[in-house]
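# Architecture and fold: a report
Here is what each chain is made of, one letter per residue.
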There are 2 protein chains.
Amino acid sequence: MFRKISDEIMLRGTCYDNLRVLCKTVGNRISGSPQAAKAVTWGQHTMRATGADNVYLQPADVPYWYRGKEQLQLKIGKKYKQVPALSLGNSQGTNGKTLKAPIIMVHNFDEFKALPESAVKGKIVFFDYRFRQDIIFTFEAYGDAVKYRANGASVAVEKGAVGVIIRSMSTGKDDFPHTGGMHYKDSSKKIPEMAIGNATADLLEKECAHSIVMAKMRSECHMMPDAVHSYNVIGEIKGTETPERIITIGGHLDSWDVGEGATDDGAGCVQSMEVIRAFKALGLRPKCTIRAVLFMNEENGDKGGEAYADSAKSKHEDHVLAIETDAGGFSPRGIGLEMNEDRKRQITGYKDLFLPYGVYDFSREEGGTDIDPIHKMLKVPAAGLMPDCQRYFDVHHTDNDVFENVNHRELKLGAVVLAQLIYVVSEHGLY
Amino acid sequence: MFRKISDEIMLRGTCYDNLRVLCKTVGNRISGSPQAAKAVTWGQHTMRATGADNVYLQPADVPYWYRGKEQLQLKIGKKYKQVPALSLGNSQGTNGKTLKAPIIMVHNFDEFKALPESAVKGKIVFFDYRFRQDIIFTFEAYGDAVKYRANGASVAVEKGAVGVIIRSMSTGKDDFPHTGGMHYKDSSKKIPEMAIGNATADLLEKECAHSIVMAKMRSECHMMPDAVHSYNVIGEIKGTETPERIITIGGHLDSWDVGEGATDDGAGCVQSMEVIRAFKALGLRPKCTIRAVLFMNEENGDKGGEAYADSAKSKHEDHVLAIETDAGGFSPRGIGLEMNEDRKRQITGYKDLFLPYGVYDFSREEGGTDIDPIHKMLKVPAAGLMPDCQRYFDVHHTDNDVFENVNHRELKLGAVVLAQLIYVVSEHGLY
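Attention now moves to the overall build of chain A. Along the backbone of chain A there are 14 helices and 17 strands. Taken against the 2.2 N^0.38 rule, which gives 22 Å for 431 residues, the C-alpha radius of gyration of chain A at 22 Å falls within 12% of a compact globule. Referenced to the eigenvectors of the C-alpha coordinate spread, the extents of chain A come out at roughly 70 × 40 × 35 Å. For chain A, the computed accessible surface area is about 15,700 Å², with 51% contributed by carbon and sulfur atoms.

In structure tokens, the structure reads:
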């Protein structure tokens, strides 16, 4: 059956073509935006085409962060020069006014702590922390670096900084800036924060080492005052023996407002739908109900994930397993498991079945942001597809996260593994 | 030490930059061509920059197949339309004249065998055999399909065909034709053979199903009458304890005359040199001699590999292990082993050391074409780096095999694993 599932998806899978449509006709789709609404319509339509028994929308009110125009200029030599930069998600910009200030560079929070307030006051702090290319599992390196993006502004403002620039959380040998979520402490003044790409950061690092670099920052970004009605898109195959028992597989439909949201996480959306399509095409009638969910608002609020958990709770749903695919459409290598040891052992016991499909690593505790609420709130066992991670942070949250950077075989192979996992769990349960 | 090797290469590796130079200043480099000579000079220069104890050239006379101009036109509807096509390597073209003939399509050799001679005589045979996308290990699918490229012309001519068109050995969802080696039986008349990309093959398949499609083929390709003097490029670190015992690591410097030969096999060349650079940068003094070899003429003759084995034999060299990296600069997954069971067991015993670097599969018998002569002639144990194989046959032997399709982290990680393997074998020997 593993082989049948694989053949069906590798030979007749539609996920790659679906991803092309999402990327090229909808494009990027930040929560609350008109594009996100368009993506919901696309999701509904595409989910129906899989042959799902029923397709419906699940309401979730989401925040809407709006970027608008933005510009960062650095005075390198005698002239100001515009450099590629992106305001960070959820940040408050300069209200369209120019913020002109000298830059002070630090390499990490410890260096920042050692600075007197007088050295920071009135300045733009440049957190020049490098993404650790020596860490082979890049998600670990991301976890190490992301605090500068998430907390940089809140930390810097405490000593009177007027703005923040960060080196992107990027493995890229290029100059793409990477956006991504940040947040302010409730008590903090909201100062603007922008990310620059590695090449610009290298240049700025060099300049800051021997002189005071001036910057002009201008941006319009802000959080919209009101939440926007939005939706998770859900498609189901009803279980034949225990329809009340549910296996959820999902990715997230929203993306940041750059690129095409292909790897993050168009890939996960089309893979989740591919599972439904493959089961239907093969005439597989699973014992449990299989539910594919395109979650809304993973990037800056997780309102879709919360709405899903809330609904499951209020309906007293019985979830056997929740699976997320949000680590890119790359060749699968492992399945992360967040569950008790007995269940881990059971799934790890299927290892030899997965090996011909390149999956050998069951050792990590990785689920996903969208399924975290249901995992935490209802103690549902969680799993996450773990593809090869070397390329993920080259494209993550950038204008370079486009359809062309997803490979059709790798994308399909991920869907194969997801469908296989769901098949064994549906057949044998999870105890 | 595994960690130190990894850090050195992931943080300070030069292989990616070296590959850029090879691809962008030399480009593709078929054996015998002026570009291949330029590549030898680049290889010598780049090998010296690694800090190798000595760098030298090893002579190998190679064939020189010259493409020249070529064109394939298909009459689809009322007009002839030029389609992307590549003559196959080593083939004899139409001497610049137009060969006009109807096409007869078969899907495989069995269908061809069933045809009467009258159905084939005077026609161009279209071998429409599909690369099997259902086979997960793509090199196996390549092995399955490549006989149509290698033998198509010899088979077709026996029933009086005047030319051959093949569907490319390609996983690509595109229209890049893939070139590659073919050969004629000594007794055969040499008819021209061209490859078309998957999209054109799909179109031609549809047309041939209901009508007779005419083709015009014109090409100038031919094998040059004389062999050309060329070279393997070799760099060494002398062993401290047993310098007479040699571990060889190599890729091939020649490529087909399309694209930039980035994946096939610029990647292997720069990885092999990276091993030397990393050992030198870390001040590692290996017990055995380590020899990096950029082999010439892997693609259509293996004269470099033969010259290497001949030299080793005549000098009575003692080779502990020969390793090849010619499967692309993708994330490593395994190490293929061609050696006796005891030695396999020994290397497989290091599995847990390799696991953090993504290497888990030691089960395949895979060495490499360049090291095959020394493996067969002198019984030297052989190993091959096995990276993820999903993308390899998208770019293999096409104009799309360019630097941009190699990822810097994946390329480096392959070099890490090679250096680690060489380190353990140099330290502990191979019994």
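After presenting the structure, the write-up continues.
All names here are of chain A. For the bond running from Asp264 to Asp265, omega is 0°, close enough to zero to count as cis. Structurally, Asp265 can be placed in helix α8 (residues 262-281). Here Asn95, not a glycine, exhibits a phi torsion of approximately 55°, which is positive. Looking at where Asn95 falls in the secondary structure, it is placed in the loop between β5 (85-87) and β6 (98-106).

Let's shift gears to the packing of aromatic side chains. In total, this model carries 39 aromatic pairs over all chains according to the counting rule given. When the ring of A:Phe127 is compared with that of A:Tyr148, the centres are 5.7 Å apart and the planes differ by 50°; the resulting orientation is tilted. With A:Phe127 in strand β7 (residues 124-127) and A:Tyr148 in helix α6 (residues 138-157), the pair connects residues that are 21 residues apart, well separated along the chain. On the basis of relative accessible area, A:Tyr148 is assigned to the buried category, the value being 4%. Centre to centre, the rings of A:Tyr360 and B:Tyr360 are 3.8 Å apart; their planes meet at 15°, and the pair counts as stacked. In this pair, A:Tyr360 is assigned in the loop between α11 (351-354) and α12 (372-378) and B:Tyr360 in the loop between α11 (351-354) and α12 (372-378), connecting two distinct chains. For A:Tyr360, a relative accessible area of 11% puts it in the buried group. Within the aromatic cluster, the residues linked to one another by ring pairs are A:Phe131, A:Phe137, A:Phe139, A:Tyr142, A:Phe330, A:Tyr392 and A:Phe393. Over the aromatic face of A:Phe112 sits the side chain of A:Lys159, whose NZ or CZ is 4.9 Å from the ring centroid.

Another aspect to go through is the pattern of salt bridges. Residues and elements named next belong to chain A. One pass over the structure, following the stated rule, counts 63 salt bridges over all chains. With a closest N to O distance of 3.6 Å, Lys344 and Glu341 form a salt bridge. Taken together, the residues span about one helical turn, with Lys344 and Glu341 both in helix α10 (residues 341-348) at a distance of 3 residues. By relative accessible area, Glu341 is classed as partly exposed at 47%. With its nearest N and O atoms 2.6 Å apart, the salt bridge here joins Lys376 to Asp372. Linking Lys376 with Asp372, this pair stays in helix α12, spanning 4 residues, or about one helical turn. Relative accessible area serves as the criterion here: at 23%, Asp372 is assigned to the partly exposed category. Each member of the salt-bridge network shares a partner with another, and the members are Asp128, Arg130, Arg167, Asp202 and Glu205.

Residue and element names in this part refer to chain B. Two elements in contact, helix α2 (residues 15-26) and helix α3 (residues 34-49), have axes whose closest approach is 10 Å; the angle formed by their N-to-C orientations is 155°. Put simply, α2 runs roughly antiparallel to α3. Handedness of the crossing formed by α2 with α3: right-handed. Contacts between α2 and α3 involve Asn18, Val21, Leu22, Thr25 and Val26 from the former and Gln35, Lys38, Ala39, Trp42 and Thr46 from the latter. Here the contact of α2 with α3 is composed, by residue class, of 5 nonpolar, 4 polar and 1 charged.

At the junction of the two partners, chain B supplies 33 residues and chain A supplies 33 residues. Together chain B and chain A conceal approximately 2,800 Å² of surface at their shared face, both sides included; 49% is due to carbon and sulfur atoms. Our count for the contact surface shared by chain B and chain A stands at 2 salt bridges. A:Arg391 serves as the salt-bridge partner of B:Glu410, at 2.9 Å between the closest nitrogen and oxygen. Between the two partners, chain B and chain A, sit 21 residue pairs in polar contact (both at pLDDT 80 or more). If you list the elements that add at least two residues to the side of chain B that touches chain A, you get α1 (2-12), α2, β16 (332-338) and α14 (408-428) of chain B. When its residues are assigned to classes, the side of chain B that touches chain A shows 11 nonpolar, 10 polar and 12 charged.

Now for helix α2 (residues 15-26) of chain A. Residue and element names in this part refer to chain A. For α2, with 12 residues, the first-to-last C-alpha span of 16 Å sits near the 16 Å given by 1.5 Å per residue. Regarding α2, the residues found buried are Cys15, Tyr16, Asn18, Leu19, Leu22, Cys23 and Val26. One face of α2 carries all of its buried residues, which in axial projection span an arc of 160°. In the core, the buried residues of α2 are packed alongside α3 (34-49), α8 and α14 (408-428). Gly27 lies just past α2 and shows a positive phi near 80°.

A word on the sheet that holds strand β7 (residues 124-127) of chain B. Residues and elements named next belong to chain B. Spatially, 8 strands are ordered β4-β3-β10-β6-β7-β8-β9-β5 in an open sheet, and the strand pairing comes out mixed. Each edge of the open sheet is held by one strand with a lone partner, namely β4 (79-83) and β5 (85-87). Across the sheet, the mean angle from the axis of one strand to that of its neighbour is 30°, orientation sign disregarded. Sheet topology places β7 next to strand β8 (residues 163-167); 4 bridges connect them, and they run parallel. Looking at the pairing, Ile124 lines up with Gly163 of β8. The strands touched by helix α7 (residues 198-210) are β3 (70-76), β4, β6 (98-106), β7, β8 and β9 (193-196); relative to β6, the strand with the most contacts, the crossing angle is about 75°.

Attention now moves to the relation of the copies chain B and chain A. Two copies of a chain can be linked by a rotation about an axis combined with a shift along that same axis. Placing chain B over chain A gives an RMSD of 0.0 Å and needs a rotation angle of 180°, together with 0.0 Å of translation along the axis. Both copies are brought into coincidence by an operation consistent with a two-fold rotation axis. Among all residues of chain B, the one whose C-alpha sits closest to the rotation axis is B:Tyr360, at a distance of 3.9 Å. The overlap is high: 100% of the interface residues of chain B also sit at the interface in chain A, so the same surface is used on both sides.

Looking now at the pairing of β16(B). All names here are of chain B. Most of β16 sits inside the fold, with 7 of its 7 residues counted as buried. Note that β16 and strand β17 (residues 382-387) share 6 bridges and pair antiparallel. Bridging across to β17, Gly336 finds its partner in Gly384.

What follows deals with helix α9 (residues 303-314) of chain B. Residues and elements named next belong to chain B. Between its first and last C-alpha, α9 extends 16 Å over 12 residues, near the 16 Å set by a 1.5 Å rise per residue. What α9 keeps buried is the set Gly304, Gly305, Ala307, Tyr308, Ala309, Ser311 and Ala312. Looking at the buried residues of α9, the elements they touch are β1 (54-62), β12 (228-237), β13 (242-252), β14 (288-295), β15 (318-324) and α12. Looking one or two residues past α9, His316 carries a phi angle of roughly 55°, positive in sign.

Moving on, we get to the state of the cysteines. Residues and elements named next belong to chain A. The full count for this structure, using the stated rule, is 0 disulfides over all chains. The thiol sulfur of Cys15 is not disulfide-bonded, and the nearest other cysteine sulfur, from Cys269, lies at 12 Å. Of the residues examined, Cys15 reaches a relative accessible area of 0% and is grouped as buried.

Moving on, we come to the pairing of β7(A). Both faces of β7(A) are covered, namely the face carrying A:Ile124 and A:Phe126 and the face carrying A:Val125 and A:Phe127. Taking the sense of rotation as the criterion, the β-α-β connection linking β7(A), α6(A) and strand β8 (residues 163-167) of chain A turns out right-handed.

Take the side chain of B:Asp128 next. Residues and elements named next belong to chain B. Mapped onto the elements, Asp128 comes out in the loop between β7 and α6 (138-157). In terms of polar contacts, Asp128 uses its side chain to reach the side chain of Arg167, at 2.7 Å. Excluding residues that lie within four positions of it along the chain, Asp128 makes contacts with Met105, Val106, His107, Arg167, Ala201 and Glu205.

A few words now on the packing of helix α1 (residues 2-12) of chain A against α8(A). Residue and element names in this part refer to chain A. Remark: α1 packs on α8, axes separated minimally by 10 Å, with the N-to-C direction vectors making an angle of 115°. By the angle class used here, α1 and α8 are roughly perpendicular. The crossing of α1 and α8 is right-handed. Of α8, the residues touching α1 (which contributes Glu8, Ile9 and Arg12) are Glu274, Arg277, Ala278 and Ala281. When its residues are assigned to classes, the contact of α1 with α8 shows 3 nonpolar, no polar and 4 charged.

About the criteria used
- Residues numbered from 1 in each chain as written.
- Chains lettered and ligands numbered in written order.
- Predicted model: local features only at pLDDT ≥ 70, side-chain atom pairs only at ≥ 80, totals over all residues.
- Heavy atoms only, no water.
- Helix = DSSP H or I, 4+ residues; strand = E, 2+ residues; numbered from the N terminus.
- Rg over C-alpha atoms; globule rule 2.2 N^0.38 Å.
- Areas by Shrake-Rupley, 256 points an atom, 1.4 Å probe, with all protein chains shown as cover.
- Phe/Tyr/Trp six-rings, centres within 6.5 Å; stacked < 30°, edge-to-face > 60°.
- Buried < 20%, exposed > 50% of the residue type's maximum accessible area, 1.4 Å probe, protein only.
- Lys NZ or Arg CZ within 6 Å of the ring centre and 35° of its normal.
- Salt bridge = Lys/Arg side-chain N within 4 Å of Asp/Glu carboxyl O.
- Axes fitted to C-alpha atoms, helices over the stretch in contact; angles between N-to-C directions.
- Parallel < 35°, antiparallel > 145°, perpendicular 65-115°, else oblique.
- Left-handed = near helix turned anticlockwise from the far one by under 90°.
- Contact = heavy atoms within 4.5 Å.
- Nonpolar A, V, L, I, M, F, W, Y, C, P; charged D, E, K, R; others polar.
- Buried area = accessible area lost by both parts, 1.4 Å probe.
- Polar contact = N/O pair within 3.5 Å; in protein donor to acceptor, adjacent residues only side chain to side chain.
- Expected span 1.5 Å × (residues − 1).
- Arc of directions from axis to C-beta.
- Pairing = 2+ DSSP bridges.
- Least-squares fit on C-alpha atoms with pLDDT ≥ 70 in both.
- Disulfide = S-S within 2.5 Å.
- Right-handed = clockwise from strand over helix to strand, strands pointing away.

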